[in-house]
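Listed below are the residues making up each chain.
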There are 2 protein chains.
Amino acid sequence: MKGLGRHLILELWGGRNFNSIVAVEKALRDAAAACAATLKDIRVYHYSPEGVTGVAVLAESHITIHTWPEYGYAAVDVFVCGDGADPRVAIPVLRGHFEAERIQVMEVVRGIASCIE
Amino acid sequence: MKGLGRHLILELWGGRNFNSIVAVEKALRDAAAACAATLKDIRVYHYSPEGVTGVAVLAESHITIHTWPEYGYAAVDVFVCGDGADPRVAIPVLRGHFEAERIQVMEVVRGIASCIE
């Protein structure tokens, strides 16, 4: 199914390091590198009392991580465009950084139209 | 269906202003305001030869816009967490800014778990 980009929607459960801006930034950088993506910018914020939001702006779209340490949960998106781009290579990277017990994966193909070959 | 956040995946087709960083930034700001979200940061980039990527980091998650002016297409995500947050209020804002002829909408409820009431 041809489209302009592949967008993984990941639900990480039973994870660790979700309250660490260092861990989230490292995960963003390593996930981008795994996808062979070009990092344009990275922003990571810690929220009170707990939780981290990290955004990696890519030349090929974006990776985002929002964590809820109190639930051992993170919502992660890996959206990459371009021929041959495969966001699934980021999954083992994320699993490794956060030691998630389980990861629910959904993939959405973005930009499907009859006018795009 | 209770969860931690609501994530709209929007496919805008037949739109205009997709090569304008000014239009994309304005759309991000107005969409965030419509959602009553707190803007933490906003980043907008123009790509060569055409196309814009814009990311709004919210206290409530994120809004992203990636455009392909050559196809009249944009991939937009509006992800907001918190009680009462409704990302759908951003749809008419986006339609207005980009004059999209049609918008495909999918909503994903993020962070559903039996441990979260």
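(A) Fine view of the interface of chain B and chain A. Residue-level contacts link 36 residues of chain B with 37 residues of chain A. Taken together, both faces of the contact between chain B and chain A bury some 2,900 Å²; the carbon and sulfur share is 68%. Run the count over chain B and chain A and you get 6 salt bridges. For the pair chain B and chain A, the interface holds 20 residue pairs in polar contact (both at pLDDT 80 or more). Looking at the side of chain B that touches chain A, the elements that each hand over two or more residues are β1 (5-13), β2 (39-46), β3 (52-58), β4 (61-68), β5 (73-81) and β6 (102-110) of chain B. Of all the elements, β5 of chain B adds the most residues to the side of chain B that touches chain A, at 6 residues. Here the side of chain B that touches chain A is built from residues that sort into 23 nonpolar, 7 polar and 6 charged.

(B) Local environment of the confidence of the model for chain A. Mean pLDDT for chain A: 95, with 96% of residues reaching 70 or above. Listed scores for the predicted complex are pTM 0.95 and ipTM 0.94.

(C) Structural view of helix α2 (residues 90-98) of chain A. Residues and elements named next belong to chain A. If you check which residues of α2 are buried, you get A90, I91, L94 and F98. Each buried residue of α2 lies within a common arc of 100° when the element is viewed along its axis, so the set occupies one face. Of the exposed residues in α2, those oriented more than 90 degrees away from the buried face are P92 and G96. At its buried positions, α2 is contacted by β1 (5-13), α1 (21-34), β4 (61-68), β5 (73-81) and β6 (102-110).

(D) Geometry of the side chain of H7 of chain A. Here H7 of chain A is to be found in strand β1. Residue H7 of chain A is classed as buried on the basis of its relative accessible area of 0%. In this structure the side chain of H7 of chain A is engaged in a polar contact, spanning 2.7 Å, whose partner is the side chain of D77 of chain A. A polar atom in the side chain of H7 of chain A sits 2.8 Å from the side chain of R110 of chain A. With near-sequence residues (within four places) excluded, H7 of chain A lies in contact with D77, V78, F79, M106, E107, V108 and R110 of chain A together with H7 and D77 of chain B.

(E) View of the packing of aromatic side chains. Applying the stated criterion across every chain, the model contains 6 aromatic pairs over all chains. Here the aromatic cluster, defined as three or more aromatic residues joined through ring pairs, consists of W13, W68 and Y73 of chain A.

(F) Structural context of the sheet that holds β1 of chain B. All names here are of chain B. Here 6 strands make up an open sheet; going across it, the order is β2-β3-β4-β5-β1-β6 and the pairing antiparallel. Every other strand in the sheet has two partners, leaving β2 and β6 as the edge strands with one partner each. Put simply, the sheet's adjacent strands are angled 10° from each other on average, direction ignored. Bridge count for β2 against β3 is 7 bridges, and the pairing is antiparallel. Along β3, the bridge assignment pairs L39 with L58. Packing of helix α1 (residues 21-34) onto the sheet brings it into contact with β2, β3 and β4, and relative to β2 it is tilted by some 160°. Taken strand by strand, helix α2 (residues 90-98) contacts β1, β4, β5 and β6, and its axis lies near 25° from that of β1.

(G) Summary view of the pairing of β5 of chain A. Residues and elements named next belong to chain A. For β5, a buried count of 9 out of 9 residues is recorded, marking the element as mostly surrounded by other parts of the structure. Of the two faces of β5, the one holding Y73, A75, D77, F79 and C81 and the one holding A74, V76, V78 and V80 are both buried throughout. Both β1 and β5 contribute to a ladder of 9 bridges, which runs antiparallel. Residue pairing for β5: E11 is matched across the bridge by A75. Hairpin geometry of β4 and β5 is characterised by an intervening segment of 4 residues between the two adjacent antiparallel strands and by a positive phi of about 60° at G72.

Definitions and limits used
- Residues numbered from 1 in each chain as written.
- Chains lettered and ligands numbered in written order.
- Predicted model: local features only at pLDDT ≥ 70, side-chain atom pairs only at ≥ 80, totals over all residues.
- Heavy atoms only, no water.
- Contact = heavy atoms within 4.5 Å.
- Buried area = accessible area lost by both parts, 1.4 Å probe.
- Salt bridge = Lys/Arg side-chain N within 4 Å of Asp/Glu carboxyl O.
- Polar contact = N/O pair within 3.5 Å; in protein donor to acceptor, adjacent residues only side chain to side chain.
- Helix = DSSP H or I, 4+ residues; strand = E, 2+ residues; numbered from the N terminus.
- Nonpolar A, V, L, I, M, F, W, Y, C, P; charged D, E, K, R; others polar.
- pLDDT = per-residue confidence, 0-100.
- Buried < 20%, exposed > 50% of the residue type's maximum accessible area, 1.4 Å probe, protein only.
- Arc of directions from axis to C-beta.
- Phe/Tyr/Trp six-rings, centres within 6.5 Å; stacked < 30°, edge-to-face > 60°.
- Pairing = 2+ DSSP bridges.
- Axes fitted to C-alpha atoms, helices over the stretch in contact; angles between N-to-C directions.

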